[in-house]
Amino acid sequence: MSLRINDTAPDFTAETTQGTVHFHDWIGDGWAILFSHPKDFTPVCTTELGYMAGLVPEFTKRNTKIIGLSVDPVSNHSKWAADIEETQGHAVTYPMIGDTDLSIAKLYDMLPADSGETSEGRTPANNATVRTVFIVGPDKKIKLMISYPMSTGRNFDEVLRVLDSIQLTANHKVATPANWKSGEDVIILTSVSEDEAKAKYPDGWRTVKPYLRIVAQPK
């Protein structure tokens, strides 16, 4: 069954570069980013893992953990991590999952069920759909899914931007407009009555249309 936003993120137990992880327990009461890779020692993914390593402090500020996945063994991940630090300038300090039986890739609908049961002999092309980013909330539900083609490096600044939006809108009755960045004006939800809006935003807002009310980002 295909996963959708607001589905419960499938739980799993896996070996990682930092020991055994029980995914839901590992998330705890915070947020998590799960991002996957088709194979170790691939060029685009090397740049991605390094860039994410550099963003760890930003995600930590947002109470968000990072975990990577590749279908290759954990022993390979450790060797790859050395290459990543050497070439990208950031050490990978988050865990990397070894998914040698492809079970997690299948669980998260990133490979077809008939893909076999081993990563042995598979190429990045065989694993082309294992290029997905998931944001999982404290309620263990999927808040975001983005899949990328093999040739296009992922924009993790965008993942950070979306996380800011998701966390803001989880706590306030607002939505964020196109290309919004943290600190910019937001939209009052149409489900918020005028009286409720007046109570929440005593300084007022800008009404573009009755259904489009612009207000400063809540603190």
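In the block above lies the structure referred to throughout.
Now for a look at the structure at hand. Here the structure is a predicted model, which is why all the values come from computation and not from measurement.

1. Concerning the side chain of Thr132
Then step 1. Along the chain, Thr132 turns up in strand 6 (residues 132-136).
Then step 2. With residues near it in sequence (within four places) discarded, Thr132 still touches Leu34, Phe35, Ser36, Met110, Ile146, Ser147 and Arg154.

2. Observations concerning the sheet that holds strand 8 (residues 174-175)
Then step 1. Across the sheet, which stays open at both edges, the four strands sit in the order 8-9-11-10 with antiparallel pairing between neighbours. The sheet terminates laterally at strand 8 and strand 10 (206-209), the two strands that pair on one side only.
Then step 2. Taken together, the two bridges between strand 8 and strand 9 (residues 186-188) define a ladder with antiparallel strand orientation. Across the sheet, the residue bridging to Val174 is Ile188, located in strand 9.

3. A closer look at helix 3 (residues 74-88)
Then step 1. In this model helix 3 runs 20 Å from its N-terminal to its C-terminal C-alpha over 15 residues, within 8% of the 21 Å that 1.5 Å per residue would give.
Then step 2. Those residues of helix 3 that sit buried are His77, Trp80, Ala81 and Ile84. Viewed along the axis of helix 3, the buried residues span an arc of 115°, placing them on a single side of the element. Of the residues in helix 3, the exposed ones pointing more than 90 degrees away from the buried face are Lys79 and Glu86.
Then step 3. Tucked inside the fold, the buried residues of helix 3 contact strand 3 (31-37), helix 2 (43-61), strand 4 (64-70) and strand 5 (96-98).

Cut-offs and rules
Residues numbered from 1 in each chain as written. Predicted model: local features only at pLDDT ≥ 70, side-chain atom pairs only at ≥ 80, totals over all residues. Heavy atoms only, no water. Helix = DSSP H or I, 4+ residues; strand = E, 2+ residues; numbered from the N terminus. Contact = heavy atoms within 4.5 Å. Pairing = 2+ DSSP bridges. Expected span 1.5 Å × (residues − 1). Buried < 20%, exposed > 50% of the residue type's maximum accessible area, 1.4 Å probe, protein only. Arc of directions from axis to C-beta.

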